[in-house]
Every structure is written in structure tokens, then in C-alpha cells.
Amino acid sequence: MSRVYNFSAGPAVLPESVLREAADEMLDYRGTGMSVMEMSHRSKAYQAIIDQAEADLRKLMGIPENYKVLFMQGGASQQFAMVPMNLMKNKVADYIITGQWAKKAWQEAKLYGQANAVASSADKTFSYIPDCSDLPISEDADYVYICENNTIYGTKFHRLPNTKGKDLVADVSSCFLSEPVDVAKYGMLYGGVQKNIGPAGVVIAVIREDLIREDVLPGTPTMLRYKTHADNGSMYNTPPAYGIYICGKVFKWLLDMGGLEVMGQINEKKAAVLYDFLDSSTLFRGTVVKQDRSLMNVPFVTGSTELDAKFVAEAAEAGFVNLKGHRTVGGMRASIYNAMPIEGVEKLVQFMEKFEKENR
Ligand SMILES: *Cc1c(COP(=O)(O)O)cnc(C)c1O
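Read on for an overview of the structure.

Criteria and cut-off values
Residues numbered from 1 in each chain as written. Predicted model: local features only at pLDDT ≥ 70, side-chain atom pairs only at ≥ 80, totals over all residues. Heavy atoms only, no water. Phe/Tyr/Trp six-rings, centres within 6.5 Å; stacked < 30°, edge-to-face > 60°. Helix = DSSP H or I, 4+ residues; strand = E, 2+ residues; numbered from the N terminus. Buried < 20%, exposed > 50% of the residue type's maximum accessible area, 1.4 Å probe, protein only. Polar contact = N/O pair within 3.5 Å; in protein donor to acceptor, adjacent residues only side chain to side chain. Contact = heavy atoms within 4.5 Å. Near = heavy atom within 4 Å. Areas by Shrake-Rupley, 256 points an atom, 1.4 Å probe, with all protein chains shown as cover. Nonpolar A, V, L, I, M, F, W, Y, C, P; charged D, E, K, R; others polar. 1 Å grid on protein atoms, 1.4 Å probe; cavity = no way out; pocket = protein on both sides within 12 Å on 5 of 7 lines; lining within 4 Å. Points joined across faces, edges and corners; volume = space filled by probe spheres on them.

**Section: the packing of aromatic side chains**
Within this structure, the stated rule accounts for 16 aromatic pairs. With a centroid separation of 5.9 Å and an interplanar angle of 70°, the aromatic rings of Tyr95 and Tyr143 are classed as edge-to-face. Here Tyr95 is found in strand β3 (residues 92-97), whereas its partner Tyr143 is found in the loop between β4 (114-120) and β5 (144-147), with 48 residues between them in sequence. A single burial state applies to Tyr95 and to Tyr143, both of which are buried. Look at Phe277 and Phe284: their rings are 6.2 Å apart centre to centre, the planes differ by 50°, and that puts the pair in the tilted class.

**Observations regarding the side chain of Asn116**
Summarising the element assignment, Asn116 is placed in strand β4. Residue class for Asn116 comes out buried when judged on its relative accessible area of 18%. A polar contact of 2.9 Å, which involves the side chain of Asn116, links it to the side chain of Asp94. If we ignore the near neighbours within four places in the chain, the residues touching Asn116 are Val92, Ala93, Asp94, Tyr95, Trp106 and Ser138.

**Brief notes about the site of the ligand**
The ligand sits among Gly75, Ala76, Ser77, Phe80, Trp101, Cys147, Asn149, Thr151, Asp171, Ser173, Gln194 and Lys195. Side-chain polar atom of Thr151 to an oxygen atom of the ligand: 2.4 Å apart, as the coordinates give it. Burial of the ligand by the surrounding chains reaches 86%, relative to a free accessible area of 380 Å². In terms of residues, the shell around the ligand owes the most to one element, helix α3 (residues 75-87), which gives 4 residues. For the shell around the ligand, a count of residues per class yields 4 nonpolar, 6 polar and 2 charged.

**A closer look at empty space enclosed by the protein**
Rolled over the atoms, a probe sized like a water molecule indicates the empty space that remains. What the rule picks out here adds up to 1 cavity of 30 Å³ or more. There is about 50 Å³ of room inside the largest cavity. Forming the boundary of the largest cavity are Phe71, Met72, Gln73, Met223, His229, Ser234, Tyr236, Asn237, Thr238, Pro239 and Pro240. For the lining of the largest cavity, the per-class residue count stands at 6 nonpolar, 5 polar and no charged.

Structure below.
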């Protein structure tokens, strides 16, 4: 068996110890004589798994009592519709457009009400975060929406926008659990777990209780109401049971590491290895404004599409895989999520140094 250094943007690298544990428990989960995959979600054993996962997530993020944790399906993209369907009381919301995921969410919201783009960084191919200290927030906006970490373009809100008292809704898919978070600053945050937490198929929402309402937009399907999931402990129907079990193991792994404070420090250090190299390189350069750089997704280019392609191919040969940039932007992107060890980034930089010497 040989494992590669996997820089995929998602589904992405998971902690090896978690995968080993899951393998050990595959045929017989703790004396039940069956895999978690084969288990009734109404069983005592499974209830304990989901309860523990929620408790550990609450501990990790310091989630206040008046917030619910919901485990759902449909990916982050389904939230693009669920958010307006459930939260658009006045049918008005303000969106900050910092990349493709925010744009998709904004376009989806327009199906349900008046969705305003109050700021955008489209003018410079989303290479920065706009100034959000004094935006024209709508008087009757039900919420202000951001994509906190832009997986494709590699930018991150290092300071949350001034929402002028409106509830903030954030898609945190690609920065979930990457550093400490103050949940109370959000009305709701959510993320697909396949970027930094677990296998695709689970989306986790953390939502303040008063935003879970009965009076959703007319026609909202039962399954797309937060209330349905909140009232039933995320078990209105069969949840993505095995995925939640793996998420739970990753939560434990994070707690064992020392929690989000420690994880955040590791991530800063890890990202600095790559950014410092990019800043000093005569061949490679990062594509994002320095102060808005993501700790998780690092896009870079050589300036030549032929050299970019050569680099991606040779890197893969050498065991550094999935470094090709998003199909819409080209170049390279290294996603260096929680489970990417720092040695992976150090070795990648050594490989880049060698490539630079050979191709100058
Ligand atoms: C990947 C991603 C999505 C889309 O996630 P799906 O689960 O595939 O719907 C949405 N937002 C962000 C920030 C992402 O990184």
C-alpha cells in the first residue's frame, strides 16, 4: 500500500488514523456484529454515534445552547435553495459575491425573492475580498450571505462583513473546523463535509433557533425545512448514517489534537511554508492579494500554460496529486486541509524548488 500526498479540493484527504479506525470497525462495530453501514439508524448503537458526533462538534466549535446542529444531505448546493426558502421572511437578502459558490447561491436565491449583490470582486477574477465595512445593506434584508472561504479562487474573509445588525449566513464548506470560530456572530453557518471533515453526502448546518421557522416560503418541501430536521434530531428520514459516523471520528481526532486553536496554529504554519516559497520564487506566483489569502486553498501559476501542465504532470509522477487548478481558472491549486500533514507541504515545496531550477 502506498498513500500519495493528495491536494484535492474535495472530496479530499482525511486523517489516516480515522481511516484505519474505520477499517478496523468495518465488519464488526464494537461487538454489534455488523458494520455501521448495515445498522438501523433507529438502533441504540447508531443513536449513540450521532449523539456523540453532535456533542463533540459542539465542544469543538463552542456552539451556544440556542443553536441547533443539523446533519442533512444534498450537499452545500442544496443549501443555496434551503437558505432563502427558510429565511426569506421579507423576501429580501443581500449577497456578497466573492466567487463561483457565492454567485451560485445568489442566483438560486433570486428564484425565491429579491437577492441583491451588495459587493463583488468579479472585476479582478475574485482575487481579493471586497471592503465590507460599510455596505449598502438593505433596510429589510432577512440576512447577509457570504461564502467565507473561496475554494476555487483561494480567498478568505479574515474579518466578517459589517452586516449592520442583519443575520449573517455563511457557507464555510472549505474552512469548516480549520480555525477557532465565534458561532454567535452568525445566524447560520453551513458546509458540505467533503472538503475538510468527512465523506461526501453530509452537510452540517449550525443555526440559531429563532431562524428555524414554521412560516417558510409556500411550497417548501418537508425535507427542505430546517424545522423538519431540527424537530427530529436530524432523523426525520434515514440520515447519511455512515458519513456522519466518519465525521464523528474526525471530530474526535480534532479534539485529540487539542481543538481548533491548535489546528488553526498548525494551518497558519503549514500555509506559510507554501506562501513564503511562492513569494520568493522566480517561477511560481500566488494569484491572491496577500491579506485575503486562504489557509486551505492555495492557487498559483507559472505564467505559462505549458509549464503549468508540465508541472502538474511531473508532480503527479512524484506522488503529489490533484494539483490542477479548477477547470474554470486553470493554473494550479494546492488544497491543504486539516488532514494534510505539514511534511506534505514541505515536500511539495522541495519539489517546486527542483522544478524551478530545471525550468528556468
Ligand atoms: C464544494 C463547495 C460547494 C459545493 O458543494 P456540494 O456539496 O458539491 O454541493 C459549495 N460551496 C463551497 C464553498 C464549496 O467549496
